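As a plain string of letters, each chain reads:
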Amino acid sequence: MSTVAVMVRAMGDFPDNAVDQLHLGDCVEVMGRLPAGSVDMVFADPPYNLQLSGDLRRPDNSAVDGVDDEWDKFQDFAAYDRFTTDWLTAVRRVLKEDGTVWVIGSYHNVFRVGAKLQDLGFWILNDVIWRKTNPMPNFRGRRFTNAHETMIWASRRQDARYTFNYESMKALNDGLQMRSDWSLPICTGGERLKRDGRKAHPTQKPEALLHRVLMAGSRPGDVVLDPFFGTGTTGAVAKRLGRRWIGIERDPDYAAIARERIDQVTVAEGAAVHIATRRDEPRVPFGSLVERGLVRPGEILFDQQRRWSAKVRADGSVITADSKGSIHQIGASVQGAPACNGWTFWHVERQKRLVAIDVLRQKVRAEMA
C-alpha cells in the first residue's frame, strides 16, 4: 500500500458520521455520503478560476510561482457556475439549520459565488475583507495591487439562530468591536509548507485567518467541514481550538501533507474555552425569583431614581394603580415608552440601597450552572 493510502483512508472505510478525518475524493460525492444536517460550520476555499494566460514574471524576468494548476481551470463562466451550484447545494444539505458557511474568494469568482449563495436560499450576514499586510506586488504595473480577498459569511436561512461569538471577537480586538476588515499577513516564512523547495500548495491560507473565522462562527466541539481541504489549514486550526473537523481533498499529495501536518498539532490546555454570551445563558422568568423567595409577593419595585414603582404579585406579574403585566410591559407603560428591559429598569431595596433585579437573576443562573 502506498504512503498516501496509509495516511488517508478511503471514504468507504468510514461510518457516515466520521469526524476528525480527511476524506479523499470529490467534495460533492463525499458530502453526499455525510448525514444531512450534521455540520455546524463550513469554511470553503474553492478554486478561484483565475483565468490566467501566459507566465507571470517579475521585473528581473524571474518567474512568479503562481496558480497554474489544472484544478483552477474551467472552460467558461457557465462551467464554473455549475461547479459552484453543485458544491453549494451539497453544503446546504449537510449544514445544520442554524449552521453557517464561509466562502473566500477574489474578484475573479467571489461575486459569482455570492449570487449562487443567494439563489440557493442562503442569507448573507457579512462580507469580510481580508486586507493582506504583505501582498504580492503588481509586477506589470497595469492595475492596482491586489491587496485583499473577500470572505462571504452566510447562514442557511434568514431567521437562523446562528453562532456568532461576539465577546470572543471583542477579546481578540482588545475589547473593541471586531470590524469586517481584517488586516493579516499572507502565509509566508516557516508557516508556508514546502516540498522540494517549492510551495506545497499555491493558495495556502494563513492560520491566523482561520483562527479568527473559527473563533467567530463556531464553538468547542462543533463540527467544521472544509470541502477544499488542500494542505489542511482548517483542520490544523480546528484541532488546536477544540473543534471537530471534516476535510475533503481530491489530490492525494495535498491530502498526505495535510494529514502529516495535523498529526503534529498539539492541543493546549484551555484551548476549547468558550466565552459565553447573553444569548447562551438559560432563560430565567421573573416568576422564578418570586418562587425562590428572592423577591417577595407584595414587595415594591422601583426604578433607579425612585420615580416609578410597581407591586410584585405571587404569579410573577407586577401591578401599578393603572395596569398589570410583566416587568417589561409595566416598565414601558410607566415611562410611556414602546419597550423596556424590565431586568435592568426595576430594582428592589436591600439593606437600604437599590439592587437591580437582574443581579438576582444572575444568582439563579449561577445555581443552574
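Residues numbered from 1 in each chain as written. Predicted model: local features only at pLDDT ≥ 70, side-chain atom pairs only at ≥ 80, totals over all residues. Heavy atoms only, no water.

- If you look the protein up in an unreviewed UniProt entry, it shows as Methyltransferase from Stella humosa.
- In the Sequence similarities (unreviewed entry) part of its UniProt record, the protein is described as follows: "Belongs to the N(4)/N(6)-methyltransferase family."
- Taken directly from UniProt, the Catalytic activity (unreviewed entry) text for the protein runs: "a 2'-deoxyadenosine in DNA + S-adenosyl-L-methionine = an N(6)-methyl-2'-deoxyadenosine in DNA + S-adenosyl-L-homocysteine + H(+)". (UniProt positions renumbered as here; feature names shortened; annotations may be inferred.)

1. Some points on the overall build of the protein
In step 1: A tally of helices and strands in the protein yields 12 helices and 16 strands.
In step 2: In the protein, buried positions account for 44% of the 369 residues. (Helix = DSSP H or I, 4+ residues; strand = E, 2+ residues; numbered from the N terminus. Buried < 20%, exposed > 50% of the residue type's maximum accessible area, 1.4 Å probe, protein only.)

2. So, the pattern of salt bridges
In step 1: Across all of its chains, the model carries 19 salt bridges by this definition.
In step 2: Of the charged contacts in the structure, one is a salt bridge between R240 and E207, with a shortest N-O distance of 2.8 Å. With R240 in helix α7 (residues 233-240) and E207 in helix α6 (residues 207-217), this pair connects stretches of sequence that are 33 residues apart. (Salt bridge = Lys/Arg side-chain N within 4 Å of Asp/Glu carboxyl O.)

3. Some points on unusual backbone geometry
In step 1: Its identity is not glycine, yet D20 carries a phi of approximately 55°, on the positive side.
In step 2: Look at R306: it is not a glycine, yet its phi comes out positive at around 60°.
In step 3: Of note, R306 is situated in the loop between β11 (300-302) and β12 (309-312).
In step 4: For R306, a relative accessible area of 42% translates into the label partly exposed.

4. Some details on the pairing of strand β3 (residues 95-105)
In step 1: Of all 11 residues in β3, eight are buried, a share of seventy percent or more.
In step 2: Of the strand pairs in this sheet, strand β2 (residues 39-44) and β3 are connected by five bridges, and their pairing is parallel. Across the sheet, F43 pairs through a bridge with W102, a residue of β3.
In step 3: Bridging between β3 and strand β5 (residues 148-155) involves six bridges; their strand directions are antiparallel. By the bridge assignment for β5, W102 is matched with W153. (Pairing = 2+ DSSP bridges.)

5. A look at the nonpolar core
In step 1: One finds W102, M151, W182, L209, V213 and L214 to be the most contacted residues of the largest nonpolar core, which totals 31 residues.
In step 2: Put simply, the parts of the chain that give this core at least two residues each are β2, β3, β4 (123-132), β5, β6 (181-184), α6, α7 and α8 (252-263).
In step 3: Per element, the largest residue contribution to this core is six residues, and it comes from α6.
In step 4: Apart from the residues lying within four places of it in its own chain, the contact partners of M151 are F43, W102, V103, I104, N126, D127, V128, W182, L209 and V213.
In step 5: Judged by nonpolar contacts, the second largest core, of 29 residues, contains V30, M31, W87 and V110. (Core = buried A, V, L, I, M, F, W, Y, C linked by side-chain atoms within 4.5 Å. Contact = heavy atoms within 4.5 Å.)

6. Quick look at the sheet that holds β2
In step 1: The sheet built from eight strands is open, its strands ordered β1-β10-β9-β2-β3-β5-β4-β6 with mixed pairing. Either end of the sheet is taken by a strand with one partner, and the two such strands are β1 (21-24) and β6. Along the sheet, successive strands turn relative to each other by an average axial angle of 20°, direction set aside.
In step 2: Bridge count between β4 and β6: four bridges; the pairing is parallel. Directly across from R131, in β6, lies its bridge partner S183.
In step 3: Each of β1 and β10 (244-249) touches α8; the most contacted strand, β1, lies at about 175° to it. (Axes fitted to C-alpha atoms, helices over the stretch in contact; angles between N-to-C directions.)

7. Description of the packing of aromatic side chains
In step 1: As enumerated under the stated definition, the model contains 12 aromatic pairs in all.
In step 2: Ring centres of Y80 and F83 lie 5.8 Å apart, and the angle between their planes is 45°; this geometry places the pair in the tilted category. Of this pair, Y80 and F83 both sit in helix α3 (residues 77-94), three residues apart, which is roughly one turn of the helix. Grouping residues by exposure puts Y80 and F83 together as buried.
In step 3: Connected via pairs of aromatic rings, a cluster forms that spans W102, W153, Y162, F164, Y166 and W182.
In step 4: Above the ring of W130, the side-chain terminus of K132 is found at 5.2 Å from the ring centroid.
In step 5: Positioned above the aromatic ring of W182 is the side chain of R212, whose terminal nitrogen or guanidinium carbon lies 5.0 Å from the ring centre. (Phe/Tyr/Trp six-rings, centres within 6.5 Å; stacked < 30°, edge-to-face > 60°. Lys NZ or Arg CZ within 6 Å of the ring centre and 35° of its normal.)

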